[in-house]
Amino acid sequence: MLNASLQELASALADRRISSVELTRSVLDRIAAGNPRINAFVHVDADGALAAAAAADARIAAGEAGPLTGIPLAHKDVFCTEGMPTTCASKMLANFVSPYDAHVVSQLKKAGTVLVGKTNMDEFAMGSSNENSHFGAARNPWDTSRVPGGSSGGSAAAVADGLIPVATGTDTGGSVRQPASFCGVTGIKPTYGVVSRYGMIAYASSLDQGGVLARSAADCAPVLSAMAGFDPRDSTSLARPAEDFGRDLDGSIEGLKIGLPREYFGEGMDADVRAAVEAALDTYRSLGAITVDIDLPNSRLAIPAYYVIAPAEASSNLSRFDGVRYGHRAAEYADLAEMYCRSRAEGFGAEVKRRILVGTYVLSHGYYDAYYLQAQKLRRLIADDFRRAFGQCDVIAGPTAPTTAYALGAKCDDPVQMYLGDIYTVAINLAGLPALSLPAGFGQGGLPVGLQLIGNYFAEARLLNAAHRFQQATDWHLARPAGE
Amino acid sequence: MSLDIDQVKHVARLARIELGPGEAEDALAKLNGIFDLVEQMQAVDTSGVEPMSHPQELYQRLRDDVVTETDQRDAFQRVAPATEAGLYLVPRVIE
């Protein structure tokens, strides 16, 4: 059952071959057995999950079930969940129990999913390895001496290891796609504005977007459809009609024009990643797709622009953690200023502090034009590159990350090296485009390699279609780590 | 461009983050590495380029000026470090 697709699970539930309570129990057992190895979950709510499963079974019995009713799922711990710890993997929120649900959480509850627990992540979603977690690093189930990627590392590791069929994530600069690539799962980040940010603890608000990690594109589609939708509580939520993102899954990709950015296939990509990506492109050609070379000339500016804009927005967003209304407060202080300074010094980890300092600096008097404004102008140039490219192709393909999963500790002490790993993902967030990563094969040491597909605005259904057709023709997404 | 230790301490003060012994020096080295990385932005001529603050060209939505929120003070203050009689407690700021 734990290797079944969501569609198979839904039909087993509908036919009463299994109940949601039985399914949820098996998931809880699997988590209890497997989580100590990979530290993917930071909180498991067995009682709540079994109660939600019983309610789902009642809905199924009453004939009121939807495609996700009774399906167990986990949320990245960046999403507020009422009555449940919501920590962002930070000491700052280690004891925070959210008084309300994020829009994503309430949407998926309405769809009848069973919330089993919260997954590990880089603190406040800042990181690419899941090592910046107050609860310790999550580990890659393919090789537990390696990182699962980040920041949605717990979600990716949990799905890859079969602890949960599907989990949510968030993607500010690649935080859904890169861990999906490192762990061999499928992860999609929709167009900015498709998923409400209400109750999703903010990192960089003009870049943050919720997404999904699952085994396959076919499994991502219904979950994304359920969690998307207009929400007046997020000022950047887009008022668009509800969409079934799985509507085109089976459509032909004969003649699909795939753009290959020259800048993504130059130096910097490891040979094993290149080999897997090239082989995946051959598969696409054999399925009738056409590949064309394109240019994204400002690609090299994406990392500098991102690492100005994201910290700037983070420094502003995280000013709310003042030790007054919620979160950690230092035990000893002489006055209010010292209370702020100590509470934040104790509550935030090293990488979060670094980004706040960078952001504070680039927004400070005399530096705003040289850094923040300049980065916003580069952002325009990067978005214009994509606009031109989509005049020549339907989707853009390339590697998700330049390497496979690296060893724990390899880049912890060198933030710049860590940032450079985001080379193929951050531009998509700057432009606000949808993109996904799908398993494309294995590199050295049997580690998964991800292929990134980037779509034009609102092309989620087409991306999922292209990914699904690939997954009909290959079985990389079905490979499972061996376990202990 | 590179920062000096006094600038790091100044920025930390602005950000209300206390830096412990040795932390300012470590932050200085790492921040300078990061600024070396972002410095390549400066070489690009962006005159005439409109800054892009946001992926969607949106206008701020307006809503009707009516009460939409209910009183949830108790729920929200339950997660506060210190409250009394519906108020948040902080160190005295006015003598």
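In short, a report on the structure.

1. Let's talk about the overall build of chain B
Then step 1. The helix and strand inventory of chain B stands at three helices and two strands.
Then step 2. Relative to a compact globule of 95 residues, whose C-alpha radius of gyration would be 12 Å, chain B shows 22 Å and is clearly more extended.
Then step 3. Along the first, second and third principal axes, the C-alpha atoms of chain B reach 55 × 45 × 25 Å.
Then step 4. Per-residue burial for chain B yields a buried fraction of 18% across its 95 residues.

2. Some thoughts on the interface of chain A and chain B
Then step 1. Each side of the interface is counted separately: chain A has 55 residues, and chain B has 42 residues.
Then step 2. Of all elements in the fold, only α9 (302–317), α10 (336–347), α11 (350–363), α12 (369–389) and α13 (415–420) of chain A reach the threshold of two or more residues within the side of chain A that touches chain B.
Then step 3. Of the residues in the side of chain A that touches chain B, the class split is 34 nonpolar, 11 polar and 10 charged.

3. Observations regarding the packing of α9(A) against α12(A)
All names here are of chain A.
Then step 1. Put simply, α9 and α12 touch, their axes get as near as 9 Å, and they point 130 degrees apart. Between α9 and α12, the interaxial angle falls into the category oblique. The element α9 and its partner α12 pack so that their crossing is left-handed. In this structure, α9 uses Ala 302, Ala 305, Val 308, Ile 309 and Ala 312 to contact α12, whose residues at the interface are Tyr 371, Tyr 372, Ala 375, Gln 376, Leu 378, Arg 379 and Ile 382.
Then step 2. Considered class by class, the residues forming the contact of α9 with α12 number 10 nonpolar, one polar and one charged.

4. A closer look at helix α5 (residues 153–160) of chain A
Residues and elements named next belong to chain A.
Then step 1. Judged by how many residues are buried, α5 sits mostly within the fold: eight of eight residues are covered.
Then step 2. Among the residues of α5, those classed as buried are Gly 153, Gly 154, Ser 155, Ala 156, Ala 157, Ala 158, Val 159 and Ala 160.
Then step 3. Of the residues trailing α5, Gly 162 is marked for its positive phi of about 70 degrees.

Rules of the game
- Residues numbered from 1 in each chain as written.
- Chains lettered and ligands numbered in written order.
- Predicted model: local features only at pLDDT ≥ 70, side-chain atom pairs only at ≥ 80, totals over all residues.
- Helix = DSSP H or I, 4+ residues; strand = E, 2+ residues; numbered from the N terminus.
- Rg over C-alpha atoms; globule rule 2.2 N^0.38 Å.
- Buried ≥ 20, exposed ≤ 12 C-beta atoms within 10 Å, placed from the backbone.
- Contact = placed C-beta atoms within 7 Å.
- Nonpolar A, V, L, I, M, F, W, Y, C, P; charged D, E, K, R; others polar.
- Axes fitted to C-alpha atoms, helices over the stretch in contact; angles between N-to-C directions.
- Parallel < 35°, antiparallel > 145°, perpendicular 65-115°, else oblique.
- Left-handed = near helix turned anticlockwise from the far one by under 90°.

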